[in-house]
Amino acid sequence: MKSGTTALYGRGPATNHGLPVTRTLFGALALPLALALAACSPAATGGGGMMMHAALTTALDRPGASFDRAQGLSLVNAYRSTVGAVLVADDAALTATAQQLANAYAASGNPPPAPAGSAGMRLSAGYVTFADAFSGWRNSPPDAAVLATRTATRAGLAFAYNPASSYGVYWVLLLGN
């Protein structure tokens, strides 16, 4: 799997119905959204020449691996924006709970139940990159429905690795209101 960052190339000055758009406005608003939306597209995983941020395609099936949660939540939020759901904010308490759930999932191999009061939870096992786990969720109608939960405003995201387990890497996305 390839890794890197997405590159976009313009065809000239940006305009808005014939009026110039400043690079500051374009860079501050349009480019991050374009990058985030590009990360959700099938082209982002190598087809069409565009690639995801390296943090999303880094294999985590090794001891001591670390994950860029902010990049992961950016991908979740890019998807949420395409379906009209509000963006979720990174929440330390939900992340701590998600980490506990991921650790328990990796240790036992049994999917943990969603905590009481959560707006939604997604689990994955066996995907060594977050990009793959997210793609699995996005391409499954029941999982995609949870990703787009309209009441969610906060999120926690975690993974755990257990080399002695059946699946190796375990993911938990926990949504809250």
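The structure we're discussing is the one just above.
Since the structure is predicted, the reported quantities are computational estimates derived from the model, not experimental observations.

Colleague: Any details on the sheet that holds strand E3 (residues 89–90)? Residues and values, ideally.
Modeller: Here we have four strands laid out as an open sheet, ordered E3-E5-E6-E4, and mixed in their pairing. Bordering the open sheet on either side are E3 and strand E4 (120–125), each of which pairs with just one other strand. As paired strands, strand E5 (residues 154–161) and strand E6 (residues 169–176) are joined by eight bridges and run antiparallel to one another. Bridging across to E6, Arg154 finds its partner in Gly176. Running over the sheet, helix H3 (residues 69–82) touches E3, E5 and E6 and is turned about 125 degrees from E5.

Colleague: So, the nonpolar core: which residues are in play, and what are the values?
Modeller: Phe130, Phe134, Trp171 and Leu173 are the most contacted members of the largest nonpolar core, which totals 26 residues. Elements supplying a minimum of two residues to this core: H3, helix H5 (130–138), helix H6 (141–147), E5 and E6. Sort the elements by how many residues they give to this core and H5 lands first, with five residues. Among the nonpolar cores identified, the runner-up in size contains twelve residues, and Leu101, Tyr170, Val172 and Leu174 belong to it.

Colleague: Describe the pattern of salt bridges, naming the residues involved and giving the relevant values.
Modeller: Under the counting rule described, the total for this entry stands at three salt bridges. The salt bridge involving Asp91 is made with Arg154; its shortest N-O contact spans 2.8 Å. Remark: Arg154 occurs in strand E5 and Asp91 occurs in the loop between E3 and helix H4 (92–108); sequence separation between them is 63 residues.

Colleague: Break down H3 for me, with residues and values.
Modeller: Here H3 contains 14 residues, and its C-alpha end-to-end distance of 20 Å stays within 8% of the 20 Å for a straight helix at 1.5 Å per residue. All buried positions along H3 are accounted for by Gly72, Leu73, Leu75, Val76, Asn77, Ala78, Tyr79 and Arg80. The opening residue of H3 is Asp68, an N-cap whose side-chain oxygen sits 3.2 Å from the backbone nitrogen of Ala70. At the exit of H3 stands Gly84, carrying a positive phi of roughly 80 degrees.

Calculation rules
- Residues numbered from 1 in each chain as written.
- Predicted model: local features only at pLDDT ≥ 70, side-chain atom pairs only at ≥ 80, totals over all residues.
- Heavy atoms only, no water.
- Pairing = 2+ DSSP bridges.
- Helix = DSSP H or I, 4+ residues; strand = E, 2+ residues; numbered from the N terminus.
- Contact = heavy atoms within 4.5 Å.
- Axes fitted to C-alpha atoms, helices over the stretch in contact; angles between N-to-C directions.
- Core = buried A, V, L, I, M, F, W, Y, C linked by side-chain atoms within 4.5 Å.
- Buried < 20%, exposed > 50% of the residue type's maximum accessible area, 1.4 Å probe, protein only.
- Salt bridge = Lys/Arg side-chain N within 4 Å of Asp/Glu carboxyl O.
- Expected span 1.5 Å × (residues − 1).
- Polar contact = N/O pair within 3.5 Å; in protein donor to acceptor, adjacent residues only side chain to side chain.

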